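Here is how the chains run, residue by residue.
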2 protein chains.
Amino acid sequence: MTSAASRKGGRARDERLERDIPEATIARLPVYLRALTALSERDVVTASSEELATAAGVNSAKLRKDLSYLGTYGTRGVGYDVNYLRYQIAREIGLTQDWSVVIVGIGNLGHALANYAGFASRGFQVAGLVDNDPARVGEKVGDLTISSFDDIDAIVSNAAVSIGVIATPASAAQDVCDRLVAAGVSSVLNFAPAVLTVPDYVDVRKVDLSIELQILAYHEQRKANGAAELRASLA
Amino acid sequence: MTSAASRKGGRARDERLERDIPEATIARLPVYLRALTALSERDVVTASSEELATAAGVNSAKLRKDLSYLGTYGTRGVGYDVNYLRYQIAREIGLTQDWSVVIVGIGNLGHALANYAGFASRGFQVAGLVDNDPARVGEKVGDLTISSFDDIDAIVSNAAVSIGVIATPASAAQDVCDRLVAAGVSSVLNFAPAVLTVPDYVDVRKVDLSIELQILAYHEQRKANGAAELRASLA
DNA sequence: AAGAGTTTGTGAACGGGAGAACAAAATCGC
DNA sequence: GCGATTTTGTTCTCCCGTTCACAAACTCTT
């Protein structure tokens, strides 16, 4: 879903082989990272692709191929050094640096996101909270104070924010997105159930809670139908 | 990601052609549904695949192919009847019936989910809220009262719950999942950053907020590197 | 030091989904 | 009624991702 257009230029890299890591692999790297962190906390020094794959819930061949895109960090006959691989993946994703994010729309979900511990622990700093409701502006959430829409520009430039999180109602999402982009944000995580239009250079990822439930409902219905047909065929 | 194993049986259906709708299509149907609902609210009667595709943010050829898996609901030269198509998609996904869900883990995120309007409006009824913390049991959230872990069985059987939502910390997720499955839940929406192990017949979908941010961070880093290299090559 | 046992990295086969392109079917104008 | 126009449904091709399978590379035992 991320715009491939921004990468299509493809100037030949002479110095080092330019890794073109598949999108599907990128999406799994954070999972591997989490598995490695868990192993590291249990003081495990080395892990085989099989062990790692089980911990990450994937096929071991897939895991090996994924890792091979990053480089040759394993040792045949031995496995992978947990901490070394962990660092390499973190570096590849870009977690060796800190990232500032701004959250727009501080309703129930925005609150939850603002307090989510999983962000800070992975190097994502919430640099600002923004809401349109004048009654909410000034309210404190954790360490932060809610700002108004008009402060978006200041927040983004002061804290070098590159990632914006939209947790507003669908009706406001496009407007908020436009303002974020105008302020300099080039990646957007959208929780609003709306299709966003952005310039090519901006990446958008969408998380839609009700869509996930609907997908489950579809399979649930199929299971129920299958069971009913089975009963009928046995009768 | 949903287990395809439960469908591999594939007994030949003689009576009616058994639609085997691709997973990728299923995931887009809710988006089309939303676009159709929006059009319907603006009293639009008919829409072409091009219009629908734009509203849903996809390619029109893809949209037509997706819809063709459901049946032939369009009219050549005309387009699709908005309300008719809306009903057909809703029926296909299983939204013409109500679904009961139980939410486990009523922290910040659980609260947000419990209050999320997008669930109820699509036929998903929250039948119960469950938390492990004795201090929280009895607390009211909206119309509902938080129950304890031990009430999971009763809630699931009383309300015919088939979908469980896990919003606990990662450490509790597998235990909660096991209890839900034991109680009769056969679909799980997991917000905890953990890999869940379930029987074949259970579908699991995962939503991980920090993974989405990490994916954005990766692309952000690439953009920054590209820009730096560009500057270097110009210097 | 050499053979047996492990485990990685990758080439090759396979399957599913995306998009282009076009024939079939409907409406509209005359 | 008939040709022009519109728009769907579908075929075909291409690409990406998954999985298998195996050679290469390392360790361990004797």
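Everything that follows concerns the structure shown earlier in this document.
Residues numbered from 1 in each chain as written. Chains lettered and ligands numbered in written order. Predicted model: local features only at pLDDT ≥ 70, side-chain atom pairs only at ≥ 80, totals over all residues. Heavy atoms only, no water.

1. Some details on unusual backbone geometry
Residues and elements named next belong to chain A.
Link 1 in the chain: Even without being a glycine, D43 presents a positive backbone phi close to 60°.
Link 2 in the chain: Tracing the sequence through the fold places D43 in the loop between α1 (23–41) and β1 (46–47).
Link 3 in the chain: Taking relative accessible area as the criterion, D43 reaches 66% and is therefore assigned exposed.
Link 4 in the chain: A positive phi angle is found at A160, which is not glycine, with a value near 50°.
Link 5 in the chain: Here A160 lies in the loop between α7 (152–158) and β8 (163–166).
Link 6 in the chain: The class for A160 is exposed, based on a relative accessible area of 60%. (Helix = DSSP H or I, 4+ residues; strand = E, 2+ residues; numbered from the N terminus. Buried < 20%, exposed > 50% of the residue type's maximum accessible area, 1.4 Å probe, protein only.)

2. Here we look at the packing of aromatic side chains
The relation between two aromatic rings is expressed through the spacing of the ring centres and the mutual angle of the planes.
Residue and element names in this part refer to chain A.
Link 1 in the chain: If you walk through the whole model with that rule in mind, you get four aromatic pairs over all chains.
Link 2 in the chain: Measuring from ring centre to ring centre gives 5.6 Å for Y73 and Y84, while their planes differ by 85°; the resulting arrangement is edge-to-face. Of the two residues, Y73 is situated in the loop between α3 (60–70) and β2 (74–75) and Y84 in helix α4 (residues 82–93); the sequence distance between them amounts to 11 residues.
Link 3 in the chain: Y73 sits in the buried class, given a relative accessible area of 16%. (Phe/Tyr/Trp six-rings, centres within 6.5 Å; stacked < 30°, edge-to-face > 60°.)

3. Let's talk about the pairing of strand β7 (residues 144–147) of chain A
Residues and elements named next belong to chain A.
Link 1 in the chain: Both strand β5 (residues 124–130) and β7 contribute to a ladder of two bridges, which runs parallel. Following the sheet pairing, L129 is matched in β7 by I146.
Link 2 in the chain: With two bridges connecting them, strand β6 (residues 140–141) and β7 associate as antiparallel partners. Paired with V141 across the two strands is L144, which belongs to β7.
Link 3 in the chain: Hairpin connection, β6 to β7: the antiparallel pair is bridged by two residues, and G142 has positive phi, about 65°. (Pairing = 2+ DSSP bridges.)

4. Concerning the packing of helix α5 (residues 108–115) of chain A against helix α5 (residues 108–115) of chain B
Link 1 in the chain: Two elements in contact, α5 of chain A and α5 of chain B, have axes whose closest approach is 8 Å; the angle formed by their N-to-C orientations is 165°. Taken together, the axes of α5 of chain A and α5 of chain B are roughly antiparallel relative to one another. Here α5 of chain A runs over α5 of chain B; the crossing is left-handed. Where α5 of chain A approaches α5 of chain B, its residues N108, L109, A112 and N115 of chain A are matched on the opposing element by N108, L109, A112 and N115 of chain B.
Link 2 in the chain: The class makeup of the residues in the contact of α5 of chain A with α5 of chain B is four nonpolar, four polar and no charged. (Axes fitted to C-alpha atoms, helices over the stretch in contact; angles between N-to-C directions. Parallel < 35°, antiparallel > 145°, perpendicular 65-115°, else oblique. Left-handed = near helix turned anticlockwise from the far one by under 90°. Contact = heavy atoms within 4.5 Å. Nonpolar A, V, L, I, M, F, W, Y, C, P; charged D, E, K, R; others polar.)

5. Points about the interface of chain B and chain A
Link 1 in the chain: Every contact between the two is made by 69 residues of chain B and, on the other side, 69 residues of chain A.
Link 2 in the chain: Summing both sides of the interface, chain B and chain A together bury roughly 6300 Å²; the carbon and sulfur share of this comes to 61%.
Link 3 in the chain: Of all residues in chain B, L213, Q214 and L216 of chain B bury the most surface against chain A, accounting for 11% of the area lost on that side.
Link 4 in the chain: Our enumeration of links across chain B and chain A arrives at eight salt bridges.
Link 5 in the chain: Of the charged contacts in the structure, one is a salt bridge between K223 of chain A and D203 of chain B, with a shortest N-O distance of 3.5 Å.
Link 6 in the chain: The tally of links from chain B across to chain A stands at 22 residue pairs in polar contact (both at pLDDT 80 or more).
Link 7 in the chain: Per-class residue counts for the side of chain B that touches chain A are 35 nonpolar, 14 polar and 20 charged. (Buried area = accessible area lost by both parts, 1.4 Å probe. Salt bridge = Lys/Arg side-chain N within 4 Å of Asp/Glu carboxyl O. Polar contact = N/O pair within 3.5 Å; in protein donor to acceptor, adjacent residues only side chain to side chain.)

6. A closer look at the protein's contact with DNA strand C
Link 1 in the chain: Taken together, 25 residues lie around DNA strand C, and S49 and Y80 of chain A together with R28, K65 and R76 of chain B are the ones closest in.
Link 2 in the chain: A share of 66% of the atoms of DNA strand C within 4 Å of the protein falls on sugar and phosphate groups.
Link 3 in the chain: At 3.1 Å from a sugar or linking oxygen of DNA strand C is found a main-chain nitrogen or oxygen belonging to G77 of chain A.
Link 4 in the chain: Among the residues forming the surface near DNA strand C, the class breakdown is six nonpolar, 10 polar and nine charged. (Near = heavy atom within 4 Å.)

7. As for the protein's contact with DNA strand D
Link 1 in the chain: Taken together, the neighbourhood of DNA strand D is formed by 27 residues, with R28 and R76 of chain A together with S49, R76 and Y80 of chain B sitting nearest.
Link 2 in the chain: Considering DNA strand D, the proportion of its atoms within 4 Å of the protein that are sugar or phosphate atoms stands at 68%.
Link 3 in the chain: Side-chain polar atom of R76 of chain B to a sugar or linking oxygen of DNA strand D: 3.0 Å apart, as the coordinates give it.
Link 4 in the chain: At 2.7 Å, a side-chain N or O of Y80 of chain B approaches a phosphate oxygen of DNA strand D.
Link 5 in the chain: For the surface near DNA strand D, the secondary-structure elements that each account for two or more residues are α1 and α3 of chain A together with α3 (60–70), β2 (74–75) and β3 (79–81) of chain B.
Link 6 in the chain: In terms of residues, the surface near DNA strand D owes the most to one element, α3 of chain A, which gives four residues.
Link 7 in the chain: Residue composition of the surface near DNA strand D, grouped by class: seven nonpolar, 11 polar and nine charged.

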